[in-house]
Amino acid sequence: MARRPAKMEGLRVGGMLRLFHKRRPPQLRAGPPQDNVGAAVKELERTPEYSLPNFTGGQHFFEYLLVVSLKKKRSGKDYEPTITYQFPKRENLLRGQQEEEERLLGAIPLFCFPDGNEWVPLTEYPRETFSFVLTNVDGSRKIGYCRRLLILDEVEKRHQISMAVIYPFMQGLREAAFPAPGKTVTLKSFIPDSGTEFISLTRPLDSHLEHVDFSSLLKCLRFEQILQIFASAVLERRIIFLAEDLSTLSQCIHAAAALLYPFNWAHTYIPVVPESLLATVCCPTPFMVGVQMRFLQEVMDSPMEEVLLVNLCDGTFLMSVGDEKDILPPKLQDDILSSLGHQKGEFQPSEQINEHVSGPFVQFFVKTVGHYASYIKREANGQGHFQERAFYKALHSKANRRFVKKFVKTQLFSLFIQEAEKSKNPPAGYFQQKIVEYEEQKKQKKSKEKTVK
């Protein structure tokens, strides 16, 4: 294997780690970007309503800020990623908490440097931002956002000087009250020779497109290919993304998973697979993973069955099951492609791109399973029971019915419907809003048809 270049003691990764449980949590959109300690965070996450051990941070903006550097091993020959800065430092933890923290922190360096184990010095390195996910045995996930850059001598000097500035800022961020949807929190940050800077962090009102950017996916693939990836994910198949850089991998895999809204991918999910974990691609269970192109041969040589292997570099499928175009109902496929192709090339801000790409897929689920709430029968105590057979038989289209009969057997749908059974009222979110709009459109259409007759 070719040796990977790096400037030892200079290449660093900074990032924030946040814990969430299965559901994709909301991000915060920051005001002026920070680039301190070799770390910048575009998205900050919080824990949803699930209870967590005290040491995980409760309702803080983030759990850890870490700097990971490549350091020489004791043998003096090779280098290994090592945590060189940690905020906050955990003290007075119980034994079980200490073990959990050590296990967590021990895994992070590997995911910050997933490129391989052999490195040599260099004098230049392009900055890149990417993310990784750590999944616990209980299904909870920790997601890390990394900024990777080369710190040269002069930058390193400033980095050391700035530590005194970074600590109070990070402490203030952790202690700040997490804003409600649509609200903003403003933080003060003192910068030497510049004075006090005010930084505003706003939490979006609607969270279904947070933590997502479809731009990279659109640059790498055609709409027809994105639709086939979506179809494979809906049936919980094995999907591998290949790309040269870490940023493209993590952005594309997050975008692909976001297409499943309002459902959540609950299986193996690794935006960037470290070299030592490449055996993941041999797993017989569903997964969605990203692999750097340098490991293409290792992937191709691995025993895999029914895998969709997506080459993001040249926009091709290197492997496929072969039926990806036939999974979704034909008419609904045409509807999605028609909506995606409308106004193509006229995209402006990323928010508009996200809405334009996500909308047709949300509408697909509205048309196929949007009537789910009507088929949850409730007992006197409020506990619901889903009437599966009546649910899919209610669909008039045979093609839609065939698809839904398969989809209701997936874990995607099972987890969604279990939550719906527990809840006495339908969630007042984006998906429910689109269901209401769709039902209203159908009523208006019927009313017009009666008027014409």
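Scoring rules and cut-offs
Residues numbered from 1 in each chain as written. Predicted model: local features only at pLDDT ≥ 70, side-chain atom pairs only at ≥ 80, totals over all residues. Heavy atoms only, no water. Pairing = 2+ DSSP bridges. Helix = DSSP H or I, 4+ residues; strand = E, 2+ residues; numbered from the N terminus. Core = buried A, V, L, I, M, F, W, Y, C linked by side-chain atoms within 4.5 Å. Buried < 20%, exposed > 50% of the residue type's maximum accessible area, 1.4 Å probe, protein only. Contact = heavy atoms within 4.5 Å. Phe/Tyr/Trp six-rings, centres within 6.5 Å; stacked < 30°, edge-to-face > 60°. Salt bridge = Lys/Arg side-chain N within 4 Å of Asp/Glu carboxyl O. Expected span 1.5 Å × (residues − 1). Bend = angle between axes of the 7 residues up to and from the residue. Arc of directions from axis to C-beta. Axes fitted to C-alpha atoms, helices over the stretch in contact; angles between N-to-C directions. Parallel < 35°, antiparallel > 145°, perpendicular 65-115°, else oblique. Left-handed = near helix turned anticlockwise from the far one by under 90°. Polar contact = N/O pair within 3.5 Å; in protein donor to acceptor, adjacent residues only side chain to side chain.

## Quick look at the pairing of strand β5 (residues 79–87)
Part 1 of the argument: Bridge analysis of strand β4 (residues 64–72) against β5 gives 8 bridges, and the strand direction is antiparallel. Across the sheet, the residue bridging to Val68 is Ile83, located in β5.

## A short note on the nonpolar core
In summary, soluble globular proteins display a tendency toward joint burial of nonpolar side chains.
Part 1 of the argument: Residues Phe214, Phe230, Ile240, Phe241, Met288 and Val291 are the most contacted members of the largest nonpolar core, which totals 100 residues.
Part 2 of the argument: Once you skip the residues sitting within four places of it in the chain, Ile240 turns out to touch Val281, Phe287, Val289, Val291, Val299, Met304, Val307, Leu308, Leu309 and Val310.

## Observations concerning the packing of aromatic side chains
Describing an aromatic ring pair means giving the distance of the ring centres and the angle of the ring planes.
Part 1 of the argument: Under the counting rule described, the total for this entry stands at 21 aromatic pairs.
Part 2 of the argument: Between Phe230 and Phe364, the ring centres sit 5.6 Å apart and the planes meet at 85°, which makes this aromatic pair edge-to-face. Remark: Phe364 occurs in helix α8 (residues 350–369) and Phe230 occurs in helix α4 (residues 223–234); sequence separation between them is 134 residues. Each member of the pair, Phe230 as well as Phe364, carries the same accessibility label: buried.
Part 3 of the argument: Taking the centre distance of 6.3 Å and the plane angle of 70° together, the rings of Tyr375 and Phe391 count as edge-to-face. Separated by 16 residues along the polypeptide, Tyr375 in the loop between α8 and β16 (376–378) and Phe391 in helix α9 (residues 388–393) bring together distant segments of the chain.
Part 4 of the argument: By relative accessible area, which is 22% here, Tyr375 ends up partly exposed.

## A look at the environment of Arg203
Part 1 of the argument: Relative to the helices and strands, Arg203 is located in the loop between β10 (195–202) and α3 (215–220).
Part 2 of the argument: Its relative accessible area of 12% is what places Arg203 among the buried residues.
Part 3 of the argument: Distance from Arg203 to Phe178, taken between C-alpha atoms, is 8.8 Å for residues 25 residues apart in sequence.

## Let's talk about the pattern of salt bridges
Part 1 of the argument: Using the criterion set out here, one finds 10 salt bridges in the structure.
Part 2 of the argument: For Arg294, the salt bridge is made with Asp115, and the minimal N-O distance between the two is 3.9 Å. Here Asp115 lies in the loop between α1 (95–112) and β6 (119–120) and Arg294 lies in the loop between β13 (287–292) and α6 (296–300), a separation of 179 residues in the sequence.
Part 3 of the argument: Residue classification places Arg294 among the partly exposed residues on the basis of a relative accessible area of 31%.
Part 4 of the argument: Salt-bridge contacts for Glu128 lead to Arg148; the nearest nitrogen and oxygen are separated by 3.5 Å. With Glu128 in strand β7 (residues 128–135) and Arg148 in strand β8 (residues 140–150), this residue pair connects regions lying 20 residues apart in the sequence.
Part 5 of the argument: Relative accessible area serves as the criterion here: at 12%, Glu128 is assigned to the buried category.
Part 6 of the argument: Via salt bridges that share partners, Asp115, Glu128, Arg148 and Arg294 belong to a single interconnected network.

## Side note on α8
Part 1 of the argument: Between its terminal C-alpha atoms α8 stretches 28 Å, which fits the 28 Å expected from 20 residues at 1.5 Å a residue.
Part 2 of the argument: For α8, the principal kink sits at Ser358 and spans about 30°; a proline, Pro360, occurs within the next four residues.
Part 3 of the argument: Taken across its 20 residues, α8 has 14 buried, putting it largely inside the fold.

## Overview of α1
Part 1 of the argument: In this model, α1 (18 residues) spans 27 Å end to end at C-alpha, consistent with the 26 Å of a helix rising 1.5 Å per residue.
Part 2 of the argument: Those residues of α1 not exposed but buried are Gln97, Glu101, Leu104, Leu105, Ile108, Pro109, Phe111 and Cys112. The buried side chains of α1 occupy one side of the element, clustering within an arc of 160° when seen end-on. Among the exposed residues of α1, those oriented more than 90 degrees off its buried face are Arg95, Glu102 and Gly106.

## A closer look at the environment of Glu175
Part 1 of the argument: Along the chain, Glu175 turns up in helix α2 (residues 153–175).
Part 2 of the argument: Considering only alpha carbons, one finds Glu175 and Phe61, 114 residues apart in sequence, at a separation of 8.3 Å.

## A few points about the packing of α4 against helix α7 (residues 330–341)
Pairs of packed helices are described in terms of their axes, by the angle between the two and the distance that separates them.
Part 1 of the argument: For the pair α4 and α7, the least separation of the axes is 10 Å and the interaxial angle reads 135°. Overall, the two elements α4 and α7 adopt an arrangement that is oblique. Handedness of the α4/α7 crossing: right-handed. Of the residues in α7, those in contact with Phe223, Glu224 and Leu227 of α4 are Gln333, Ile336, Leu337, Leu340 and Gly341.

## Comments concerning the side chain of His267
Part 1 of the argument: Mapped onto the elements of the fold, His267 is located in the loop between α5 (246–258) and β12 (268–270).
Part 2 of the argument: Within the structure, His267 has its side chain in polar contact with the side chain of Glu236 (distance 3.0 Å).
Part 3 of the argument: The residues touching His267, leaving out its near neighbours within four places in the chain, are Arg141, Glu236, Pro286 and Gln411.

## As for unusual backbone geometry
Part 1 of the argument: A cis amide bond links Phe87 to the next residue, Pro88, at an omega of -5°.
Part 2 of the argument: Tracing the chain through its elements places Pro88 in the loop between β5 and α1.
Part 3 of the argument: Looking along the chain, the bond that leaves Tyr261 and enters Pro262 is cis, with omega of 15°.
Part 4 of the argument: Its place among the elements puts Pro262 in the loop between α5 and β12.
Part 5 of the argument: Of note in this structure, Glu306 is not a glycine but carries a positive phi near 45°.

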